[in-house]
Amino acid sequence: MTASPRPFLALTPDELVERVVELGGRPFHAKVAREALFSGARTYEEMTSLSATLREALGANLPLLSSELRHTTRASDGATKLLLGFPTRDEGSDEVETVHIPPHNPKSPKGATLCVSTQVGCPVACPFCASGLAGLVRNLEAHEVLEQFLRGMEIGPIGRAVVMGIGEPLLNYESVRTALDVVNAELGIGTRKVTLSTVGFPDRVRAVAPTKPPFQLAISLHTPFDEERDVLVPAMKGVPIEDVLSAGDEWFRETHREVTYEYVLLGGHNDTPHHAAELGRRLRGRRATVNLIPWNPLTRAPGDEPLPSYRRPRAEVVAGFQEDVQSLGTVTTVRWSRGLESDAACGQLRLHSS
Ligand code: SAH
């Protein structure tokens, strides 16, 4: 293992001051440089308010970012998917995906949505998801989560973020929280503009709720039946759905922000009227909404593994499911994924490059 130098972004503000002073600068130069980085500078040469000597010393000793841009794909709808390589701790390659999704209306002042990853691989192992097929490699560090925002801003301005890329954010919460606090305070992306998606470990949801989290919560439910969820979300095996929902209720009481329940629709599997009725029954009277996600077919599995044999339901089935849940009193939306043709579905670019 070769230790790569800790990049600028990995240092706390105090550590950064110390390093800048060591390299011949004044304490306030640290803040100047950090602001320049967050406003788009990608080399020290661009930070012209620092002296040439300091810029040179920083350039030689303190790399600004640590990722390498390995691949960029652009879908016809404008979504740009980045494959980023972070320094590897051991064998294998530490690659994650970050997707920049422009607003539907290009003139909208809202800016794009950025989808960020939180782990290299994922330990949850949902059988329909590309990210979990090869298991977890490692957690991303806080600066690696944050760096994805800076890479995304190189494509265009960002107004919203979804923590819905590769990984389970509540299993790497400390780093994710550190990064999102910076996104909130220094990139100015407000609490209501950031959504974190999790399989919803009840104890963790309850622990985070009172800490003024700078994001909205989405919980991946995928079925209203316990035995079926044990299979669809293996890391939650044995955790009753009712416990997940009651943690979601507590989230609402603490934060006054409604939980969104995500539900991947797998054709002929969890999209039946029976499922819709039970989902509606479970959510009746709760302050929550449902987001239906028609399954995105995977085009490639790691190694020699077979592709999962699910299918995307027909549009009429999706509409019927939505109507059934709505008729029981829960607001329900549908998210047809964008950028499908360029492997923009979760975790797939990483598999293609390997
Ligand atoms: N670990 C987090 C983040 C995962 S990605 C979580 O499970 O919530 C965000 C959402 O995309 C999750 O609901 C996940 O189940 C879903 N997803 C994963 N693969 C998908 C696919 N191929 N098609 C549609 N949705 C998918």
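Fair warning: this is a prediction, and the values are worked out from it, not measured in the lab. (Residues numbered from 1 in each chain as written. Predicted model: local features only at pLDDT ≥ 70, side-chain atom pairs only at ≥ 80, totals over all residues. Heavy atoms only, no water.)

(A) Layout of the site of the ligand. The full set close to the ligand counts 18 residues, and G167, S197, S220, H222 and N296 are the nearest of them. Between S220 and the ligand, the recorded distance is 2.6 Å, taken from a side-chain N or O atom to an oxygen atom. H222 is positioned such that a nitrogen or oxygen atom in its side chain is 2.9 Å from an oxygen atom of the ligand. Burial of the ligand by the protein amounts to 96% of the accessible area it has alone, namely 540 Å². If you list the elements that add at least two residues to the shell around the ligand, you get β8 (194–198) and β10 (259–265). Counted by class, the shell around the ligand contains 9 nonpolar, 7 polar and 2 charged residues. (Near = heavy atom within 4 Å. Polar contact = N/O pair within 3.5 Å; in protein donor to acceptor, adjacent residues only side chain to side chain. Areas by Shrake-Rupley, 256 points an atom, 1.4 Å probe, with all protein chains shown as cover. Helix = DSSP H or I, 4+ residues; strand = E, 2+ residues; numbered from the N terminus. Nonpolar A, V, L, I, M, F, W, Y, C, P; charged D, E, K, R; others polar.)

(B) Focus on the nonpolar core. Core analysis: the largest hydrophobic core is formed by 89 residues, its most contacted members being L37, M47, F149 and F215. Take this core: its biggest share by element is 6 residues, from helix α5 (residues 173–186). In this structure F149 touches L114, V116, I158, A161, L180, V183, L187 and I189, once residues within four positions along its chain are discounted. Of all hydrophobic cores here, the second largest spans 7 residues; its members include A79, V99, C115 and M164. (Core = buried A, V, L, I, M, F, W, Y, C linked by side-chain atoms within 4.5 Å. Buried < 20%, exposed > 50% of the residue type's maximum accessible area, 1.4 Å probe, protein only. Contact = heavy atoms within 4.5 Å.)

(C) Representation of α5 in the model. Between its first and last C-alpha, α5 extends 19 Å over 14 residues, near the 20 Å set by a 1.5 Å rise per residue. Buried residues of α5: Y173, S175, V176, R177, A179, L180, V182 and V183, and no others. Contact partners of the buried residues in α5: α2 (27–38), α4 (142–155), β7 (158–163), β8 and α6 (202–208). Where α5 terminates, the next one or two residues include G188, which has phi positive at roughly 70°. (Expected span 1.5 Å × (residues − 1).)

(D) Layout of the sheet that holds strand β4 (residues 112–115). Pairing in this open sheet of 10 strands is mixed, and the strands run β1-β2-β3-β4-β7-β8-β9-β10-β11-β12 from one edge to the other. Only two strands of the sheet have a single partner each, and these edge strands are β1 (68–74) and β12 (332–334). The average angle at which neighbouring strand axes cross in this sheet is 25°, direction not considered. Here 4 bridges tie β4 to β7, and the two strands are oriented parallel to one another. Its bridge partner being in β7, L114 is matched across the sheet by A161. Set on the sheet, helix α10 (residues 315–327) makes contact with β10, β11 (288–294) and β12; between it and β12 the angle comes to about 165°. (Pairing = 2+ DSSP bridges. Axes fitted to C-alpha atoms, helices over the stretch in contact; angles between N-to-C directions.)

Honestly, it's all geometry; don't read function into it.
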